[in-house]
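# Close look at the chain arrangement
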Amino acid sequence: MDFTFTEEQQAAAEAARGVFAGVAPDSVPSPALTPGAVADDFDRPLWGRLADADLLSLLLAEEYGGAGLDAVALCLVLRESAKVLARVPLLESSAATAAVQAYGGPDLKAELLARAGRGEAVLTVAAHGRTGHDPAELAVTARQDGSGSGWVLDGVQTAVPWAYDADLVVVPARTAADRTVLALVPREAQGVALAEQFSTSGERLGELRLDSVELAARDVIEAEGAWEWLRELLATGTCALALGLGERVLGMTSEYAAKREQFGHPIATFQAVAVQSADRYIDLRAMEATLWQAAWRIASGAPGALPASGDVAVAKIWASEGVRRVVQTAQHLHGGFGADVDYPLHRYHAWAKHLELALGPAAAHEEALGDLLAAHPLG
């Protein structure tokens, strides 16, 4: 079997490294020093450079100006973005446009996809439900209007990333027939209200309130499985962010431990330090292996002993636990220096906590995996 990336996937990763090369992790104020949000908007100049490098249209077909690549290529780019803490809605907008391409109607695709690929339209996704603990698709209801030609949405979604900056929010909603649809809600639509929330990384999130928001039929995706596919792509992309962040943090720790001396020797030569670093390296390799398995299942649609959601659950288990262990070990081995706000490690720690919370607890994913195993017994 050949586990190497294709030339196109490697080219996407190389282009991403070029774009992110000039991004400094401490280019915006520290969340430890800034009350409220660290910035009023995402990094628009970087967004423009990503568009110029065709990295916003990776998953789009050629007819929409895209490269026609897959979830693996997107995860390679997301991995590079996390290493520099890139403040852009790359995951959310890319995943949302990919869902529109896969499940949306022809009018919606013609109107939106090319613009999104050029960075002219920014999308985000409301994926955390009313409280962050309940299924997102149950937090909003969708009913057809009196004419039967449109939809009306009511409900609340919490912690929507980039909600104040996106042009459209993709909202999963439940119908009276107990089906999930995806509604593309304009941020400025009548009946839409936002309340500020803040992540551990200092980014501004939004509590999205929908009060009888009316949408045309073309702006609601009714295709079966659209939300499940989008949810799995978002989760896998978040695992890619956790991997990239963890790799950079372990690299910073190795560099520091090689220079920091105690008792006349670099602390990297001490057995206790080496063992802890080796354990974190193993975490990262497990995070990587499970990430590519999940991304490949989504990209290829290949059958397996379990549905693709099983591979996504395994990746989330490792990413959620692994990214936390990596940053905790990094803080421990850096000593007091890790808490210095003039050194970027504390920002990586804050981002890691945000990713861990976004992924959810490993125990919940283990329970979901157990349910899948019970429903699809192996052997």
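Relevant structure appears above.
Remember, it's a predicted structure, so these values are computed and weren't measured experimentally.

Conventions and cut-offs
Residues numbered from 1 in each chain as written. Predicted model: local features only at pLDDT ≥ 70, side-chain atom pairs only at ≥ 80, totals over all residues. Heavy atoms only, no water. Helix = DSSP H or I, 4+ residues; strand = E, 2+ residues; numbered from the N terminus. Buried < 20%, exposed > 50% of the residue type's maximum accessible area, 1.4 Å probe, protein only. Contact = heavy atoms within 4.5 Å. Phe/Tyr/Trp six-rings, centres within 6.5 Å; stacked < 30°, edge-to-face > 60°. Lys NZ or Arg CZ within 6 Å of the ring centre and 35° of its normal. Pairing = 2+ DSSP bridges. Expected span 1.5 Å × (residues − 1). Core = buried A, V, L, I, M, F, W, Y, C linked by side-chain atoms within 4.5 Å. Salt bridge = Lys/Arg side-chain N within 4 Å of Asp/Glu carboxyl O. Axes fitted to C-alpha atoms, helices over the stretch in contact; angles between N-to-C directions. Parallel < 35°, antiparallel > 145°, perpendicular 65-115°, else oblique. Left-handed = near helix turned anticlockwise from the far one by under 90°. Nonpolar A, V, L, I, M, F, W, Y, C, P; charged D, E, K, R; others polar. Polar contact = N/O pair within 3.5 Å; in protein donor to acceptor, adjacent residues only side chain to side chain.

Looking now at the overall build of the protein chain. When helices and strands are counted, the protein chain shows 10 helices and 10 strands. Principal axes of the C-alpha set define a box for the protein chain whose edges measure 80 × 55 × 40 Å. Going through the 379 residues of the protein chain one by one, you find that 53% of them count as buried. Relative to all contacts within the protein chain whose residues are 6 or more apart in sequence, the contacts with residues 24 or more apart total 73%.

Further remarks concern the packing of aromatic side chains. Counted under the stated rule, the structure contains 6 aromatic pairs. Relative to Trp162, the ring of Phe42 lies with its centre 6.0 Å away and its plane at 85 degrees, an arrangement referred to as edge-to-face. Of this pair, Phe42 sits in the loop between α1 (7-20) and α2 (44-52) while Trp162 is found in the loop between β3 (150-161) and β4 (168-174), placing the two residues 120 residues apart along the sequence. Taken together, the aromatic side chains of Phe42, Trp47 and Trp162 make up a single cluster linked through ring pairs. Lying across the ring of Tyr281, Arg285 places its NZ or CZ 4.9 Å from the centre.

Another aspect to go through is the pairing of strand β2 (residues 140-144). Bridge analysis of β2 against β3 gives 5 bridges, and the strand direction is antiparallel. Each bridged residue has a counterpart across the sheet, and for Ala142 the counterpart in β3 is Leu153. Joining the antiparallel neighbours β2 and β3 is a turn of 5 residues, in which Gly148 adopts a positive phi near 80 degrees.

Turning to its location among the elements, Phe5 is positioned in the segment before α1. We classify Phe5 as partly exposed; its relative accessible area is 26%. Spatially, the C-alpha atoms of Phe5 and Gly264 are 44 Å apart, while their sequence positions differ by 259 residues. Phe5 has contacts with Gln10, Val72, Leu76 and Trp292, leaving out every residue within four places of it along the chain.

Here helix α6 (residues 226-259) spans 50 Å end to end across 34 residues, near enough to the 50 Å set by a 1.5 Å rise per residue. α6 sits mainly inside the fold: 25 of its 34 residues count as buried.

Before going further, it helps to examine the nonpolar core. Judged by nonpolar contacts, the single largest core of 88 residues is most densely connected at Phe20, Leu50, Leu230 and Leu245. When residues of this core are assigned to their parent elements, the largest contribution, 15 residues, is made by α6. Beyond its immediate sequence surroundings of up to four residues, Leu245 is in contact with Ala82, Leu85, Val323, Val327, Tyr348, Trp351, Ala352 and Leu355. Counting residues in each nonpolar core, the second largest holds 20 residues, with Val140, Ala189, Val213 and Leu215 among its members.

Below, the discussion takes up the pattern of salt bridges. By the definition in use, this model includes 28 salt bridges. Two residues, Lys83 and Glu80, come together in a salt bridge whose shortest N-O distance is 3.3 Å. A residue pair is termed a helical-turn pair when its members lie 3 or 4 positions apart in one helix, as Lys83 and Glu80 do in helix α3 (residues 71-83) at 3 residues. With a closest N to O distance of 3.0 Å, Arg187 and Glu188 form a salt bridge. Within the structure, one salt-bridge network assembled from shared partners comprises Glu14, Arg17, Arg79, Glu80, Lys83, Glu247, Arg285 and Glu288.

Let's shift gears to the packing of α3 against α6. Running from N to C, α3 and α6 point in directions that differ by 40 degrees, and their axes come no closer than 7 Å. Relative to α6, α3 is oriented oblique. In terms of crossing hand, the pair formed by α3 and α6 is right-handed. On α6, the residues touching Ala71, Leu74, Cys75, Leu78, Arg79, Ser81, Ala82 and Lys83 of α3 are Leu233, Thr236, Gly237, Ala240, Leu241, Leu243, Gly244, Leu245, Glu247 and Arg248. Considering only residue class, the contact of α3 with α6 consists of 10 nonpolar, 4 polar and 4 charged.

A separate point is the pairing of β3. Burial of β3 is extensive: 11 of the 12 residues sit out of reach of the surface. Looking at chain direction, β3 and strand β7 (residues 204-216) are connected through 9 bridges and run antiparallel. Looking at the pairing, Gln157 lines up with Leu208 of β7.

Position of Glu247 relative to the elements: it lies in helix α6. The class of Glu247 is buried, set by a relative accessible area of 17%. A distance of 3.0 Å separates the side chain of Glu247 from the side chain of Arg285, its partner in a polar contact. Setting aside residues no more than four positions away along its own chain, Glu247 makes contact with Arg79, Lys83, Leu284 and Arg285.

Treat this as a map of the structure, not an account of what it does.
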